[in-house]
Structure formats: C-alpha cells, structure tokens
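Secondary and tertiary structure notes
Spelled out from the first residue to the last, the chains are:
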Amino acid sequence: MTTQAKSEQDNFRPSANFPSSVWGCSFASLSFQDSEFESLCKEVEIFKEKVKDILMQSTRGLIENIEFIDILCCLGVSYYFENEIEEQLNHIFIALPTFLHENDYDLHVAALLFRILRQHGHKVTCDVFNKFKDNDGGFKKSITNDVKSLLGLYEASFLSVHGEDILDEALAFTKPYLETLAEQASPHLAEHIKNSLVWPIHQSMERLKIHQYISFYEKEESRNETLLKFAELDYNRIQLLYRQEMAILSRWSRDLNVMHKYPYTRDRIVEAYVWALGCICEPQFGASRLKIAKYVQMVTVLDDTYDAYGTLDELYRFTAAFERCNVDGIDDHLPGYMKYLYKDFLKLFEETENDGNEGSSLKTSYAKEMFKELTRGYIIEAQWAKNGYVPAFDDYVQNGLIVSTCDVLASAFLLGMKDVGIKEMVWIRSNPKIVNSAKLLGTLKNDIAGHEEEQKRGDSPSSVECYMKEFGVSKEKAVKEIDKIFVNALKDINEELLLQPRRVSKIILKYFLNSGRMSEFLYKFLDFYTNPSSMKDYVTKLLVDPFSI
C-alpha cells in the first residue's frame, strides 16, 4: 500500500445514519407528584400486611405454599417477603424427598417445585421428571393436553445445567405442543402461552414478565382480588419511581447535549435506562440504575465514535490519550469533537470520584480502568475494519468479551451499591462462569441480531463472518453453531447460581443473570437499542402507562 493510499484509508470517515430517538425530551419535563406517590405507598403498605397473612397461612400445605410463592414472584411483589419466602423454601427443600416419596404428585407440581426452588438457589434433582416418561424413554403423550403441566415443564427446562439431558428433551418436547395449543386456546390463554414461548420466565427481563403476568392474572377467574390489587398498586408505585429517575436522566442528557456535540451517534438515554432497570429493577437500587444508564449512553457515544465516525488516526490518538484519563491527557492534536468527548468522560468520573460515599474513589478508579480496557478493545476492532481483516473466531471472541461492555457497566452498578468494594471487583475480574457467560451473551447476541446491518455500515467483522471464514460454512450453519455457545453459556450461569457457599452476595449474582437476560431482550428479534421504534411498546408499558385500578 502506498503512503498516500494508507493516509486516505486512515482518514476515511464512515457514516452510519442511525435512526433518531423516538422520545426526544418527553421525559425531561415529567413532574413527580409526592402526594400521588405517598398515597400509593400507604395503600401498598395496607395490602402488604394482608398478603403477608395469606402467605403465612399457605404454609399449612406444601403445594399451596409453593403455588402462592410462585404467584408472588410472577406478580413482582415477592421482594417484600424475601426472608419469609427464604425460610419457607428452606423447609420445603428439606421436606421434599419425603413429599416426593409419599405423594403421587403430578407434572404441574413437580415442575413448579423444581423451578421455584432452583430459582432460589436450591439444587433440586431433575430426576423428579423421570416418572413422566414412558417405556420408550420419551415423555408420556398423556400430558400433551394439559396446558398447565406443559407450560410448567417448558419453564422448568430453562433452569437446566450441563448433563441434564432430560431437561433438554423437555424443551424440545413441550415447545411444538404449546405452539399448537396457542392456536387452539381461548384468546386469554393463547396470549399467555405465546408470551411464555417468546419470553420464558428465567431468560427474560423481569419487569416485562411482571407486566405480562399481571395482565394475565387480572383476567383469571380464580384470581385473588387482594393479591391482584396489591400487585397493580405496587407496579404503579414503582413506575412512578422509574419515571422520576428517567426525568433526572433526561435532564442530564439534555445538559450533555449529545446530538449537538456528537451528531453521528445514537441518542438513546430512554433505552439506556430500560437497559439499566433490566439489570437491576428493585426500587431501592435507583442509584445504580442512574449510573448504569449514564454509562450506557456514554459507551454508545464511544462505540459510535470508533465504529461509525472517527478516522483511524484520530482513534489511535484518542486511545493513547485516554490511558492518562485526566485533564492533562487532552491532546492538542485531538479534533474538537474528541476533546468534548474526553471532557465529558472526566465529568462523568468526577460525579462519583469525590461524592463523599465510602469507597467511591476506589470504585471510580476501577471504572476508569474498565473504560481504558474498552477503548483498547475498540481500537482493535477499528483496525480490523479499516484493514478488511477477519480474525480467527477465538480471537474475535476474546476481544468481544471486552467490547461487550459488561465490565464497564458492572463498574457503574458497583458505584451505586453500598457495602461492596474490593472483594466484588476481584471476583468480577477473576471472570467466573456467570460473568464470562454474561459477556459472551452480550457480544454474540448483538452479532446475531445486527451483523448484517453493521456490515453494510462497514463495521468490523462479526462473530458470524469470523466463523464462516475460519470453518468454511454458510451463514446459517455459523449462526446454528453460535446458538450452541448461547445454550452452554446459559447453563454456566445456572450452575453458578446453584453454587454453595456463594462467593458473593445474591444481588451481585442476580445482576449478572439479568445482564444476560437483557442481551436476550435487546437482541431477540433485531437490535432494539439501535432501532428504538421497535422498543417503544415495551418502554410505554414499563415507564408510561400505569395499570387501571
């Protein structure tokens, strides 16, 4: 390559033409009515005591108890009774062998016990499903007309770990029957089945599933009116909190002036917040949600700078300058837009560096290191793109674990959490299975959903192209093989959730479980984040429309 040609390549500036935000500043002007929130809190408190009484009464029978706990979880109010539920599930787990031996339990009960106990960290054996297989080793055809049992077995199958072939068989067995039943059932039941087929409980965004289940439960003839009203009131109460947080973020984004300074990027503060609440939805963790959402938006600008705007020469300069990560690191040779970007990152770090909270300085330093690592990963991708280089699949995946942004966003999560510090940082950096799997899902799910669109923009090769080239296979075959990596990653996550004793707290583990779930949500059909109109209906349910009570 001649010197002139190389210079032209290094200074080539791509153009992405991303879709505009569908929200504008609509959330920035939202007001938070203290009186409305306080009224909801008072009503919720009254109903909470009534529901607690029902929960304690349900302990009289094991089946009644586990069914009620399941409803609390599905309606999104189980967090009020964590200690009581944990104690009751411990008793159920201890009593389970005797119960299974002495009772002729049905598939619905077996699947429910298996799923709820595993979701709460109890490793129930999958042998509970053996009695529902016939002499030929397949599941009995007699269960195919029992929607409740089929749905239960289907949902339970997503809690599998490596070596549990019976659960893989359960998924393959139940899915086609449920698809058929969804076409034959009443509209109410059909919608419930279809929602489960698209969004299974264990692999879906928590607040989305809660909204779906409340909508289903309010039409159930056997519904408990006290429990339903409690769930609807609490959903509306938490939605108000989310809207208050979203208003704060919208004003922050407006002040940041993203589209003026970086017109080439994606303005996605609303979608960034949905990403954050998908990772940690409990009302008490608002500080983490705000930090994650800000980091997602800033990562978006950084990603688009490397992928869709910066010349290779500019990106080299920015990557080198960012290693210093202080005001003295602003290189005079950086173009104006990159100086703005550098300063905006410094402001972001200043928000938490000296905020007076214990450990904030250390956590902010950790976040800086994660961002430095991310820029190093991005420059590798930029080099691949500019040079037309397709790396080996394993090399791509190793860099993909970095540019998945999982480590950066986890650092934002830690910044918003109290009573976490060096122990959790060391654990994350040791890359345990659940963390590694969350990263894998983040980078590979993104590739499957958006690789064709990204290739049209001239982005670096995705895992699909890398696999196709290295192994000489079709796109369809490459996607099929990468899907197997997804399945193994999800099993790795499940195994980590069942480890005893736990190496970190349950909320840390749940964050990485939810991180993987959000990859499934964001890239289920296409890249929801890049194409915001496709996410509008979900945003409306989560943040805008309350339940009518």
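For the structure given in this document, a descriptive report is provided here. Since we're looking at a predicted model, the values are computed, not measured. (Residues numbered from 1 in each chain as written. Predicted model: local features only at pLDDT ≥ 70, side-chain atom pairs only at ≥ 80, totals over all residues. Heavy atoms only, no water.)

**Observations regarding the overall build of the protein chain**
Summing up its helical and strand segments, the protein chain has 24 helices and 0 strands in all. Projected onto its principal axes, the C-alpha positions of the protein chain cover 80 × 60 × 45 Å. Within the protein chain, the proportion of its 549 residues that are buried is 56%. Excluding contacts between residues fewer than 6 apart, the proportion of contacts in the protein chain whose partners are at least 24 apart in sequence is 74%. Within the structure as shown, the protein chain displays about 23,800 Å² of accessible surface, and the carbon and sulfur contribution to it stands at 50%. Of the side-chain charges in the protein chain, 64 are positive and 83 negative, and the distance between the mean point of each set is 2 Å. (Helix = DSSP H or I, 4+ residues; strand = E, 2+ residues; numbered from the N terminus. Buried < 20%, exposed > 50% of the residue type's maximum accessible area, 1.4 Å probe, protein only. Contact = heavy atoms within 4.5 Å. Areas by Shrake-Rupley, 256 points an atom, 1.4 Å probe, with all protein chains shown as cover. Lys, Arg positive; Asp, Glu negative; His and termini not counted. Charge placed at Lys NZ, Arg CZ, Asp CG, Glu CD.)

**Considering a nonpolar patch on the surface**
Side chains of Leu362, Ile422 and Val426 sit close together on the surface and give an oily, nonpolar patch of about 280 Å² of accessible area. Checked against the element boundaries, Leu362 lands in helix 16 (residues 360–387). For Leu362, a relative accessible area of 40% corresponds to the partly exposed category. (Patch = residues over 30% accessible without salt bridge, like charges linked within 9 Å, V, L, I, M, F, W, Y side chains within 5 Å. Salt bridge = Lys/Arg side-chain N within 4 Å of Asp/Glu carboxyl O.)

**Quick word on the packing of aromatic side chains**
Given two aromatic rings, one states the distance between the centres and the angle between the planes to describe the pair. By the definition in use, this model includes 36 aromatic pairs. Each ring, one from Tyr213 and one from Phe216, has its centre 5.7 Å from the other, and the planes form 55 degrees; the classification is tilted. Here Tyr213 and its partner Phe216 are both found in helix 9 (residues 206–217), 3 residues apart, which amounts to about one turn of the helix. Classification of Tyr213 by relative accessible area gives buried; the value is 15%. Within the aromatic cluster, the residues linked to one another by ring pairs are Tyr295, Tyr306, Phe318, Phe322, Tyr342, Phe345, Phe349, Phe371 and Tyr378. Directly above the ring of Phe18 sits Arg266, whose terminal nitrogen or CZ lies 4.9 Å from the centroid. The ring of Phe486 has Lys445 sitting right over it, with the charged end atom 4.3 Å from the ring centre. (Phe/Tyr/Trp six-rings, centres within 6.5 Å; stacked < 30°, edge-to-face > 60°. Lys NZ or Arg CZ within 6 Å of the ring centre and 35° of its normal.)

**Considerations on the pattern of salt bridges**
Under the counting rule described, the total for this entry stands at 31 salt bridges. Across the salt bridge formed by Asp234 and Arg237, the nearest N and O atoms sit 3.1 Å from each other. Taken together, the residues span about one helical turn, with Asp234 and Arg237 both in helix 10 (residues 225–256) at a distance of 3 residues. This pair shows no difference in class: Asp234 is buried, exactly as Arg237 is. Glu373 is paired through a salt bridge with Arg429; the nearest N and O atoms lie 2.9 Å apart. Of this pair, Glu373 sits in helix 16 while Arg429 sits in helix 19 (residues 422–429); the two residues are 56 residues apart in sequence, bridging distant segments of the chain.

**Concerning the environment of Ile166**
Inspection of the secondary structure assignment puts Ile166 in helix 7 (residues 165–184). Taking the C-alpha atoms as reference points, Ile166 and Asn130, 36 residues apart in sequence, are found 8.2 Å from one another. In this view, Ile166 contacts Cys126, Phe129, Asn130, Lys133 and Phe139; residues no more than four positions away in its chain are not counted.

**Considerations on the packing of helix 14 (residues 312–322) against helix 16**
At a closest axis distance of 10 Å, the pairing of helix 14 and helix 16 adopts a crossing angle of 165 degrees. Taken together, the axes of helix 14 and helix 16 are roughly antiparallel relative to one another. The handedness of the crossing between helix 14 and helix 16 comes out as left-handed. Contacts from Leu312, Leu315, Tyr316, Thr319 and Phe322 in helix 14 reach Phe371, Lys372, Thr375, Arg376, Ile379, Ala382, Gln383 and Lys386 in helix 16. Split into classes, the residues belonging to the contact of helix 14 with helix 16 amount to 7 nonpolar, 3 polar and 3 charged. (Axes fitted to C-alpha atoms, helices over the stretch in contact; angles between N-to-C directions. Parallel < 35°, antiparallel > 145°, perpendicular 65-115°, else oblique. Left-handed = near helix turned anticlockwise from the far one by under 90°. Nonpolar A, V, L, I, M, F, W, Y, C, P; charged D, E, K, R; others polar.)

**Section: unusual backbone geometry**
Of note, the bond from Gln500 into Pro501 is cis; its omega dihedral lies within 30 degrees of zero at -5 degrees. Here the phi dihedral of Thr405 falls at roughly 70 degrees; this positive angle occurs in a residue that is not glycine. Relative to the helices and strands, Thr405 resides in the loop between helix 17 (393–403) and helix 18 (406–415). Even without being a glycine, Asn431 presents a positive backbone phi close to 55 degrees. Its place among the elements puts Asn431 in the loop between helix 19 and helix 20 (433–457).

**Description of the nonpolar core**
Within the largest apolar cluster, 181 residues are counted, with the highest numbers of intra-cluster contacts made by Phe129, Tyr295, Phe371, Phe512, Phe521 and Leu543. Per-element tally for this core: the top contributor is helix 10, with 14 residues. (Core = buried A, V, L, I, M, F, W, Y, C linked by side-chain atoms within 4.5 Å.)

**Points about the packing of helix 2 (residues 34–57) against helix 10**
Two elements in contact, helix 2 and helix 10, have axes separated by 9 Å at closest approach and are oriented at 145 degrees. Seen along the crossing, helix 2 lies across helix 10 with a hand that is left-handed. Taken together, the residues of helix 10 that come into contact with helix 2 (itself represented by Glu36, Phe37, Leu40, Cys41, Glu43, Val44, Phe47, Lys48, Lys50 and Val51) are Thr226, Leu227, Lys229, Phe230, Leu233, Asp234, Asn236, Arg237, Leu240 and Leu241. Looking at the contact of helix 2 with helix 10 residue by residue, the classes come out as 11 nonpolar, 2 polar and 7 charged.

**Focus on helix 6 (residues 147–156)**
Summarising burial for helix 6: 9 of the 10 residues are buried, a large majority. Three or more residues of helix 6 are buried, namely Val147, Ser149, Leu150, Leu151, Gly152, Leu153, Tyr154, Glu155 and Ala156. Where helix 6 is buried, its residues touch helix 5 (107–119), helix 7 and helix 8 (187–198).

**With respect to the state of the cysteines**
What the rule picks out here adds up to 0 disulfides. You can see Cys281 has no disulfide; the closest cysteine sulfur is in Cys279, sitting 10 Å from it. On the basis of relative accessible area, Cys281 is assigned to the buried category, the value being 5%. Unpaired in this structure, Cys325 has its nearest cysteine sulfur neighbour in Cys406, at a distance of 20 Å. The exposure class assigned to Cys325 is buried, which follows from its relative accessible area of 5%. (Disulfide = S-S within 2.5 Å.)

**Some remarks on the side chain of Asp303**
The residue Asp303 is located in helix 13 (residues 286–308) in this model. For Asp303, a relative accessible area of 17% puts it in the buried group.

**Some words on the environment of Ser515**
Inspection of the secondary structure puts Ser515 in helix 23 (residues 506–522). If near-sequence neighbours (up to four positions away) are discounted, Ser515 is found in contact with Cys279, Cys406 and Ala438.

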